Amino acid sequence: MNSLNCFRCNCPLQFAGSPRSAAKAVRNQPNDGLVFRSYGNYGSTFFDPMRESAYLEIAICDGCMRAQPEHFLASEGARDSYE
Ligand SMILES: [Zn+2]
């Protein structure tokens, strides 16, 4: 069972949960990756539904995160929590 592929490099990401939990609706929980969810953004011409029940979700592999540290923001409390 796979999670979504990495949004940036398209590498396949394996589902981190048990096969039993993969059968449920939520399966975008990758090993070696992070999940990002957006409920839209004022200013987007692609997605701004203005409904809390509507969202888009992607996965990005840890390698892509490490390769592009200048492409994300980290809160002060998060800066010493990733490698
Ligand atoms: Zn990647």
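See the structure printed just above.
Bear in mind that the values here come from a model prediction, so they are computed numbers and not experimental data.

Visitor: Now, about the overall build of the protein chain: what can you tell me, with residues and values included?
Guide: Scanning the protein chain from N- to C-terminus turns up two helices and two strands. From first element to last, N terminus to C terminus, the protein chain shows the α and β order α-β-β-α. Counting only C-alpha atoms and orienting by the principal axes, one finds that the protein chain spans roughly 40 × 30 × 25 Å. The buried share of the protein chain, taken over its 83 residues, is 10%. Long-range contacts, defined as pairs at least 24 residues apart, comprise 44% of the intrachain contacts of the protein chain with a sequence gap of at least 6.

Visitor: Now, about unusual backbone geometry: what can you tell me, with residues and values included?
Guide: For Asn10, which is not a glycine, the phi torsion comes out positive at approximately 70°. With respect to the helices, strands and loops of the structure, Asn10 is situated in the segment before α1 (19-22). Residue class for Asn10 comes out exposed when judged on the 8 C-beta atoms lying within 10 Å of it. For Asp32, which is not a glycine, the phi torsion comes out positive at approximately 55°. By secondary structure assignment, the location of Asp32 is in the loop between α1 and β1 (33-38).

Visitor: Outline the nonpolar core, supporting the account with residue identities and numerical values.
Guide: Counting residues in hydrophobic clusters, the biggest one holds five residues: Cys6, Leu13, Ala59, Ile60 and Cys61. Non-local contacts of Cys61, meaning those with residues more than four positions away in its chain, are made with Cys6, Cys9, Cys11, Leu13, Asp32 and Gly33.

Visitor: Account for the environment of Leu13, with residues named and values stated.
Guide: Turning to its location among the elements, Leu13 is positioned in the segment before α1. In contact with Leu13, other than residues within four places in its own chain, are Asn2, Ser3, Leu4, Asn5, Cys6, Pro30, Asn31, Asp32, Gly33, Ala59 and Cys61.

So, how was this worked out
Residues numbered from 1 in each chain as written. Predicted model: local features only at pLDDT ≥ 70, side-chain atom pairs only at ≥ 80, totals over all residues. Helix = DSSP H or I, 4+ residues; strand = E, 2+ residues; numbered from the N terminus. Buried ≥ 20, exposed ≤ 12 C-beta atoms within 10 Å, placed from the backbone. Contact = placed C-beta atoms within 7 Å. Core = buried A, V, L, I, M, F, W, Y, C linked by C-beta atoms within 7 Å.

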